[in-house]
Amino acid sequence: MSEVVRQDWRAGRGTALRGSLLVPGDKSISHRAVMLGALAEGTTEIHGFLEGEDTRATARIFTQLGVRIETPAPTVCLVHGVGLHGLRGADEVLDCGNSGTGMRLLAGVLAGQAFDSVLVGDASLTKRPMRRVTDPLTAMGARIDTGDGGTPPLRLHASAGLRGIDYALPVASAQVKSALLLAGLYADGETVVREPHPTRDYTERMLATFGWPVESAPGVVRLSGGHRLHAARIDVPADFSSAAFFIVAATIIPGSELRLQAVGINPRRTGLLQALRLMGADIREENPRDDGGEPVAELLVRYAPLHGIEVPPALVADMIDEFPVLFVAAACATGRTVVRDAAELRVKESDRIATMAAGLRTLGISIEETPDGAVIEGGALGGGSIDTHDDHRIAMSFAVAAQRASGEVRIKDIATVATSFPGFVELARGVGMSIDGITGSSRQ
Ligand code: S3P
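Once the domains are mapped, the protein chain shows domain 1 (4-24 + 237-443) and domain 2 (27-235). The centre of domain 1, based on its C-alpha atoms, is set 28 Å off from the matching centre of domain 2. Buried area between domain 1 and domain 2, summed over both chains or domains, comes out near 2,100 Å², and the portion from carbon and sulfur atoms is 47%. Applying the counting criterion to the domain 1 and domain 2 interface returns four salt bridges. When the shortest N-O distance is used, the salt bridge between Arg200 and Asp321 registers 3.2 Å. Applying the counting rule to domain 1 against domain 2 returns 12 residue pairs in polar contact (both at pLDDT 80 or more). Secondary-structure elements contributing two or more residues to the side of domain 1 that touches domain 2 are strand E19 (294-302), helix H11 (392-402) and helix H12 (417-420). Residues of the side of domain 1 that touches domain 2, tallied by class, amount to eight nonpolar, six polar and 11 charged.

With that out of the way, let us pick up the packing of helix H1 (residues 27-39) against helix H6 (residues 202-209). The interhelical angle for the contact between H1 and H6, taken along N-to-C directions, is 40°, at an axis separation of 10 Å. Taken together, the axes of H1 and H6 are oblique relative to one another. In the packing of H1 onto H6, the handedness of the crossing is right-handed. Of the residues in H6, those in contact with Ser28, Ile29, Arg32, Ala33 and Leu36 of H1 are Tyr202, Thr203, Met206 and Leu207. Here the residues of the contact of H1 with H6 sort into six nonpolar, two polar and one charged.

Here we take up helix H7 (residues 240-252). Here H7 contains 13 residues, and its C-alpha end-to-end distance of 18 Å stays within 8% of the 18 Å for a straight helix at 1.5 Å per residue. N-capping of H7 is provided by Asp239, with a side-chain oxygen placed 2.8 Å from the backbone N of Ser241.

With respect to topology, four strands assemble into an open sheet ordered E2-E17-E19-E18, the strand pairing being mixed. Two strands in the sheet have a free side with no partner beyond their single neighbour: strand E2 (18-21) and strand E18 (282-291). Taken over all neighbouring pairs, the strand axes of this sheet differ in orientation by 15° on average, direction set aside. Pairing of E18 with E19, which is carried by eight bridges, proceeds in the antiparallel orientation. Within E19, the residue paired with Asp290 across the bridge is Pro295.

To continue, consider the packing of aromatic side chains. Tallying each qualifying case throughout the model produces five aromatic pairs. Aromatic pair Phe246 and Phe421: ring centres 6.1 Å apart, planes at 70°, arrangement edge-to-face. Highlighted residues: Phe246 in helix H7 and Phe421 in the loop between H12 and helix H13 (424-430), separated in sequence by 175 residues. The residues Phe246 and Phe421 share a single accessibility class, namely buried. Between Phe421 and Phe424, the aromatic rings sit 5.2 Å apart at their centres with planes inclined by 70°, giving edge-to-face as the arrangement. No difference in accessibility class separates Phe421 from Phe424, as the two residues are buried.

Under the counting rule described, the total for this entry stands at 33 salt bridges. Two residues, Asp235 and Arg233, come together in a salt bridge whose shortest N-O distance is 2.8 Å. Note that Arg352 is salt-bridged to Asp391, the shortest N-O span being 2.9 Å. Taken as a pair, Arg352 in helix H10 (residues 352-362) and Asp391 in the loop between strand E23 (384-387) and H11 lie far apart in primary sequence, 39 residues in all. For the pair formed by Arg352 and Asp391, the shared burial category is buried.

All residues adjacent to the ligand are Ser28, Arg32, Thr101, Arg104, Ser173, Ala174, Gln175, Arg200, Ile320, Asp321 and Lys348. Ser28 is positioned with one of its side-chain polar atoms (N or O) 2.7 Å from an oxygen atom of the ligand. At 2.6 Å from an oxygen atom of the ligand is found a side-chain nitrogen or oxygen belonging to Arg32. Relative to its unbound accessible area of 380 Å², the ligand is 95% covered by the protein chains. Of all the elements in the fold, those that place two or more residues in the shell around the ligand are H1, helix H3 (100-110) and helix H5 (174-184). For the shell around the ligand, the per-class residue count stands at two nonpolar, four polar and five charged.

To continue, consider the packing of H3 against H5. If you want to describe how two helices pack, look at the angle between their axes and the distance between the axes. Contact geometry of H3 with H5 gives a least axis separation of 7 Å together with a crossing angle of 25°. Between H3 and H5, the angle is such that the two are roughly parallel. Relative to H5, the crossing made by H3 is right-handed. Taken together, the residues of H5 that come into contact with H3 (itself represented by Gly100, Thr101, Arg104, Leu105, Gly108 and Val109) are Gln175, Ser178, Ala179, Leu182 and Ala183.

Conventions and cut-offs
- Residues numbered from 1 in each chain as written.
- Predicted model: local features only at pLDDT ≥ 70, side-chain atom pairs only at ≥ 80, totals over all residues.
- Heavy atoms only, no water.
- Domains from an automatic or database assignment.
- Buried area = accessible area lost by both parts, 1.4 Å probe.
- Salt bridge = Lys/Arg side-chain N within 4 Å of Asp/Glu carboxyl O.
- Polar contact = N/O pair within 3.5 Å; in protein donor to acceptor, adjacent residues only side chain to side chain.
- Helix = DSSP H or I, 4+ residues; strand = E, 2+ residues; numbered from the N terminus.
- Nonpolar A, V, L, I, M, F, W, Y, C, P; charged D, E, K, R; others polar.
- Axes fitted to C-alpha atoms, helices over the stretch in contact; angles between N-to-C directions.
- Parallel < 35°, antiparallel > 145°, perpendicular 65-115°, else oblique.
- Left-handed = near helix turned anticlockwise from the far one by under 90°.
- Contact = heavy atoms within 4.5 Å.
- Expected span 1.5 Å × (residues − 1).
- Pairing = 2+ DSSP bridges.
- Phe/Tyr/Trp six-rings, centres within 6.5 Å; stacked < 30°, edge-to-face > 60°.
- Buried < 20%, exposed > 50% of the residue type's maximum accessible area, 1.4 Å probe, protein only.
- Near = heavy atom within 4 Å.
- Areas by Shrake-Rupley, 256 points an atom, 1.4 Å probe, with all protein chains shown as cover.

What follows is the structure, encoded as structure tokens:
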């Protein structure tokens, strides 16, 4: 038997949320800024970089590949680019930790290199599907071995040259789109990616910022190999997906009035705002502006009673990371909320439909799972013990749910919150949420 140190939270009914807060930088943008900065010529300056475990893992991997990265101040990152062909092979495996974005986008970058690489991840990442990237990369000429069942580790063999592809994504996925575009930088000819629904467009926007010609229209992106990337300054907005926990918390806790500063409101990320407004939420966008090429605004969120809705399937891709906390909003709403066309939730850091359904049931909510969604009946939340399945967004969603619970909620295994939202507890307590960290150990 071995001793395993567990970190849990104890959370319960909090007070009305008040004040103003700035959540950490956007995870998707931070990953891409390090990657393109590494492949560019010159020094890329990233401001507002997310110092989370996921993005730090990506930065560490580029260090292993010969890129010098400095962090002269908190959330400032200087990436001394080595140019498109300047990476060198690492002696050791490249550990993406918990990050699907890190692994899938890196597969695109490494598929075109003249050296072998091995990408590995933690227990959760090692269960996630990778054929969605390795199949089209193989069609471009890459040679990649996966584990049994198409899961990590990924062994990428030295490239003998890639060719462009015209590929229609079977599922809407910004990660797969981005992997193919990054491989396309190394390919002969044109790479075209077609999406069933438009997804977050940070890779194509950032490639343009780094001077690579990209043609992009809703649902289709094209680029050709044979250009160069030039270092840029990247200002990372606050992560909408991190802000989402506070948006829902302020909406469901009576008397709340909370301001969220400088939040990235790219329309491909903010489907939750539309869904919550359909449910009756009171969320205002103030001082909308363009900050380093990304739309940003202050969000003023006031408590509002919610009612259930059928979540429009057209919003699913634009709120794909926000369903766990949307389920919490639905549990606090009057009536029934129906989610469908969201089967992708089953292959995130955990099976988020099953994990949320089990947790909400524990707290006394009636919820029916369907293959691609759930039917949630709003009701009264009680206390109980929640298994997060080591999923950061499940942990933070139940911290929000606990603020409306009549009993204590114990949220087990919250260490992965550090992958995307370092400092969550301190910020949450600072605006009035009731949440404490507890360290325990268990024998396994
Ligand atoms: C991401 C894309 C989404 C999202 C993930 C981050 C990205 O994944 O869930 O958290 O940065 O491109 P999929 O592309 O698999 O939907």
